[in-house]
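Spelled out from the first residue to the last, the chains are:
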Protein chains: 2
Amino acid sequence: MHAQVARNSFLSTLAQVQGVIEAKRTIPILSHLLLEAKGNTITLSGTDLDVSMQTSLFGEVKQEGAVAISGKKLYEIVRELPDAPIDLRWEEGQNVQIVCAKSSFRLKGITPEEFPALPHIPEGAGITIAAETLRTMIPKTLFAVSTDQTRPTLTGALLQAAEGELSMVATDGHRLSLVKAPIHAAKAGGAIEAIIPRKALAELGKMLKEETGDVRLVPLDHQIAFLLNGSRLITRLIEGQFPNYEQVLPSPSGPGALLRREDLLGALRRASTISGDRATPTVLELKADRLLISCKNIDLGEAKEELSMEYRGPETTVGFSVRYLLDFLGVVDETEVSMHIHDPLSPALFEPKKGEGFSCVIMPMRI
Amino acid sequence: MHAQVARNSFLSTLAQVQGVIEAKRTIPILSHLLLEAKGNTITLSGTDLDVSMQTSLFGEVKQEGAVAISGKKLYEIVRELPDAPIDLRWEEGQNVQIVCAKSSFRLKGITPEEFPALPHIPEGAGITIAAETLRTMIPKTLFAVSTDQTRPTLTGALLQAAEGELSMVATDGHRLSLVKAPIHAAKAGGAIEAIIPRKALAELGKMLKEETGDVRLVPLDHQIAFLLNGSRLITRLIEGQFPNYEQVLPSPSGPGALLRREDLLGALRRASTISGDRATPTVLELKADRLLISCKNIDLGEAKEELSMEYRGPETTVGFSVRYLLDFLGVVDETEVSMHIHDPLSPALFEPKKGEGFSCVIMPMRI
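Small disclaimer: the values here were computed from a predicted structure and weren't measured.

## Notes on the overall build of chain A
Here comes step 1: Of the regular secondary structure elements, chain A holds six helices and 26 strands.
Here comes step 2: Overall size of chain A, expressed as C-alpha extent along the three principal axes, is 75 × 50 × 35 Å.
Here comes step 3: Taking all 367 residues of chain A together, the buried fraction comes to 43%.
Here comes step 4: Partitioning the contacts of chain A with sequence separation of at least 6, the portion at a separation of at least 24 is 67%.

So, in structure tokens, the structure goes:
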């Protein structure tokens, strides 16, 4: 293999693949990237066997071929190189040679045959969604994905695409986050229902970052592929039945309480300095036109906050884990949020005022 | 105690004292700050028994008094408060009450008698130095302070003030950093020689940050105080004899090798991706008009760099720990550096081209 690439494009391509590869090096090849030079393209692939990422850039290929090379080291080196052409060369049995301006490096290479094969993705299959639509949905569900490995179906977000609508939902049993968006029915090529693991979601979010255009979703055997502008992310799906979330969604009765997002965020952040961990509930007292927030911690002390709000429902008092409220507020783009609290024991519904197709259900804590 | 302070000034005062107080809470009072309200001033004190910091701000004192309060919690709360007056109130046997706009907090208070007494600092004693002079010297020595507790005298920097000159020097046995600056003899009130512990140096650097004006150094019994604009840092001194560093300083014979700082920094950063840890030497090969840098690591591979430089001395090859070279270059303000290498086993001298009174001696590694 022998090829030349521009340093800046190579660096951003390398950065994209870093998140996928194994940091632990338990299986050495998984800490490596596969570099393939073919035609006028250099393709980089990384995988941890669950999530794989492939991306490519333009390069001047002098001799076609492929080699696997330590992903972290290559990234560290290229990051420090000046913006000049980088020459990459490898011959079987030798080290990979990297030359840029007056710098040259030799890194151990592994023959490409040892690198795990990535699945074939059929041309034109799957459905097409605006990258921006999918990108904004990821942070709105990622925070609610469970980290509890004893309930594997909750360690990912359920993605559903059917009948002109895309939805994503995640829950950890204490809170649930659901986001929906319309998609062009014309572009839809069949329904998709898949539980995407947390790591794949996070890497997908990075892949879609700042990208315009369309992303294509292709269901594969126990896997799904996301394709965008020459980059592709393929992930194993989580097997099993995602809980029937529709039945826990409370229906918003009446207008609910209306608050300025920033005011509520500030008050809850201050309360969180006292609540410390999740075991201490933060108490919301809904009065006509105002919200009282309080939190007591026997080790530390006590916090009290008062906010004005638009509210015409009955007075009620309910406790929450402040972390869950902050997580929701942290991903709202609007300036106002609505809050539907029925009683101190029923799930409460939080939404941006204008909806945005985004709903967050949070279970109260006993106070 | 009852007083009002402005939120922004209170926050920056709190931030200053944070670094000194105990994070571990082995002795609870050391994780607390002492708040004292007297006249029209609020004074904050924190200590870990080795290093103490005291700073004050203007406040409207309604009832004089003092109380100790958790430093970390108070800082976290004030950081989240809006910019409005903060009301602080405490009565013996009760919690400290903190009220700001529509937020109110109660935190446990400890009676001021339990807070360790800070030493008295005699008025007008000690010597006076421009804050800027001392500030620029700290980072130039801090990096060379040893972390090896088996050689306690090296775990601080030696500060010497005498005969119109201030010097600071630190060494860990492998490298030594020395910085000197002239001081106004008229302002000097006696000589000082003190080994300042690492933590005190770091906190002093923060205290002097962005400050103009003069800092007063007052030697106390086994301690030294630094006073600036109502803030004071007092530290225990390290006992013992600092090594006689003058004798290890090589004399710069001839003009040495002259390099652009940024070029050398870039080349060494790239080499450091291969060298990994300190055990692998980075090899500098001095040729007429150019420097070759190389590094081999049997696990990873090899790096080679070439730089142009001004050099008329004999050709020589010498190995260094790349980390030591990077540490030196990281605190140089000038665009060019000089390098005096006598032979592969003798200490080498690194300086900014124009001197700045700053010298770094680095022991070579065997190659």
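From this point, things continue past the structure.
## Describing unusual backbone geometry
Here comes step 1: The phi angle at His222(B) is positive, at roughly 60°, despite the residue not being glycine.
Here comes step 2: With respect to the helices, strands and loops of the structure, His222(B) is situated in the loop between strand 16 (214-220) and strand 17 (223-228).

## Let's talk about the pairing of strand 16 (residues 214-220) of chain A
Residues and elements named next belong to chain A.
Here comes step 1: In terms of strand pairing, strand 11 (residues 127-130) meets strand 16 through four bridges, oriented antiparallel. Bridging from a neighbouring strand, Thr128 pairs with Arg216 of strand 16.
Here comes step 2: Taken together, the five bridges between strand 16 and strand 17 (residues 223-228) define a ladder with antiparallel strand orientation. Bridge pairing in strand 17 places Arg216 opposite Leu227.
Here comes step 3: Hairpin connection of strand 16 to strand 17: two residues between the antiparallel strands, including His222 at a positive phi of 60°.

## Details of the relation of the copies chain A and chain B
Here comes step 1: Once turned by 180° and shifted 0.0 Å along the axis, chain A lies on chain B with an RMSD of 0.0 Å. Taken together, the rotation and translation describe the operation of a two-fold axis.
Here comes step 2: Both copies share a contact surface, since 100% of the interface residues of chain A are interface residues in chain B too.

## A word on the packing of helix 5 (residues 261-275) of chain B against helix 6 (residues 322-330) of chain B
All names here are of chain B.
Here comes step 1: The N-to-C vectors of helix 5 and helix 6 enclose an angle of 150°; their axes lie 10 Å apart at closest approach. When the axes of helix 5 and helix 6 are compared, the pair comes out roughly antiparallel. Crossing of helix 5 against helix 6: the hand is left-handed. Contacts between helix 5 and helix 6 involve Arg261, Leu264, Leu265, Leu268, Arg269, Ala271, Ser272 and Ser275 from the first element and Val322, Leu325, Leu326 and Leu329 from the second.

## Considering the sheet that holds strand 19 (residues 257-260) of chain A
Residues and elements named next belong to chain A.
Here comes step 1: Pairing in this open sheet of eight strands is antiparallel, and the strands run 15-12-13-14-26-25-24-19 from one edge to the other. Strands at the two margins of the open sheet, each flanked by one partner only, are strand 15 (192-197) and strand 19. Direction aside, the axes of adjacent strands within the sheet are offset by 20° on average.
Here comes step 2: Pairing of strand 19 with strand 24 (residues 336-340), which is carried by four bridges, proceeds in the antiparallel orientation. From the neighbouring strand, Ala257 faces strand 24, where its bridge partner is Met339.
Here comes step 3: Of the strands in this sheet, strand 12 (156-162), strand 13 (165-171), strand 14 (175-182) and strand 26 (358-362) are in contact with helix 3 (residues 131-142), which crosses strand 14 at around 170°.

## Concerning the sheet that holds strand 12 (residues 156-162) of chain B
Residues and elements named next belong to chain B.
Here comes step 1: Spatially, the eight strands line up as an open sheet ordered 15-12-13-14-26-25-24-19, and their pairing is antiparallel. The open sheet is flanked by strand 15 (192-197) and strand 19 (257-260), the only strands paired with a single partner. Going from strand to strand, the sheet's axes swing by 20° on average, the running direction of each strand aside.
Here comes step 2: The sheet contact formed by strand 13 (residues 165-171) and strand 14 (residues 175-182) spans seven bridges and is antiparallel. Each residue of the ladder has a partner; that of Ser167, found in strand 14, is Lys180.
Here comes step 3: Contacts between helix 4 (residues 198-208) and the sheet are confined to strand 12 and strand 15, with strand 15 contributing the most and set at about 95° to the helix.

## Description of helix 6 (residues 322-330) of chain A
Here comes step 1: Those residues of helix 6 of chain A not exposed but buried are Val322(A), Tyr324(A), Leu325(A), Phe328(A) and Leu329(A). For helix 6 of chain A, the angular spread of buried residues about the axis comes to 165°, placing them on one side.

## Some words on the interface of chain A and chain B
Here comes step 1: Taken together, the 25 residues of chain A in the interface contact 25 residues of chain B.
Here comes step 2: Among the elements of the structure, helix 2 (71-80), strand 9 (103-107), helix 5 (261-275) and strand 22 (301-308) of chain A are those that each provide at least two residues to the side of chain A that touches chain B.
Here comes step 3: In terms of residues, the side of chain A that touches chain B owes the most to one element, strand 22 of chain A, which gives six residues.
Here comes step 4: A breakdown of the residues in the side of chain A that touches chain B according to their chemical character gives seven nonpolar, six polar and 12 charged.
Here comes step 5: Pairing analysis gives five bridges linking strand 9 of chain A to strand 22 (residues 301-308) of chain B, with the strands arranged antiparallel. By the bridge assignment, Arg106(A) is partnered in strand 22 of chain B with Glu302(B).

## A few points about the domain arrangement of chain A
All names here are of chain A.
Here comes step 1: According to the domain assignment, chain A consists of domain 1 (2-114), domain 2 (127-247) and domain 3 (250-362).
Here comes step 2: The C-alpha centroid of domain 2 is placed 29 Å from the C-alpha centroid of domain 1.
Here comes step 3: Of the residues lining the interface, 10 residues belong to domain 1; the matching set on domain 2 comes to 13 residues.
Here comes step 4: No other element matches strand 4 (residues 51-58), which puts six residues into the side of domain 1 that touches domain 2.
Here comes step 5: Of the residues contributing to the side of domain 1 that touches domain 2, the split by class is three nonpolar, six polar and one charged.

## Observations concerning the pairing of strand 25 (residues 348-352) of chain A
Residues and elements named next belong to chain A.
Here comes step 1: Of all five residues in strand 25, five are buried, a share of seventy percent or more.
Here comes step 2: What you see with strand 25 is no split at all: Ala348, Phe350 and Pro352 on one side and Leu349 and Glu351 on the other are buried throughout.
Here comes step 3: Both strand 25 and strand 26 contribute to a ladder of three bridges, which runs antiparallel. Bridging across to strand 26, Leu349 finds its partner in Val361.
Here comes step 4: A loop of five residues connects strand 25 with strand 26, the two strands running antiparallel in sequence, and Gly355 in this loop sits at a positive phi of about 90°.

## Some details on the packing of helix 5 of chain A against helix 2 (residues 71-80) of chain B
Here comes step 1: Running from amino to carboxyl end, helix 5 of chain A crosses helix 2 of chain B at an angle of 180°, the nearest separation of the two axes being 9 Å. If you check the angle between helix 5 of chain A and helix 2 of chain B, you find them roughly antiparallel. Of helix 2 of chain B, the residues touching helix 5 of chain A (which contributes Gly266(A), Arg269(A), Arg270(A) and Thr273(A)) are Lys73(B), Glu76(B), Ile77(B) and Glu80(B).
Here comes step 2: The residue makeup of the contact of helix 5 of chain A with helix 2 of chain B, split by class, is one nonpolar, two polar and five charged.

Criteria and thresholds
Residues numbered from 1 in each chain as written. Chains lettered and ligands numbered in written order. Predicted model: local features only at pLDDT ≥ 70, side-chain atom pairs only at ≥ 80, totals over all residues. Helix = DSSP H or I, 4+ residues; strand = E, 2+ residues; numbered from the N terminus. Buried ≥ 20, exposed ≤ 12 C-beta atoms within 10 Å, placed from the backbone. Contact = placed C-beta atoms within 7 Å. Pairing = 2+ DSSP bridges. Least-squares fit on C-alpha atoms with pLDDT ≥ 70 in both. Axes fitted to C-alpha atoms, helices over the stretch in contact; angles between N-to-C directions. Parallel < 35°, antiparallel > 145°, perpendicular 65-115°, else oblique. Left-handed = near helix turned anticlockwise from the far one by under 90°. Arc of directions from axis to C-beta. Nonpolar A, V, L, I, M, F, W, Y, C, P; charged D, E, K, R; others polar. Domains from an automatic or database assignment.

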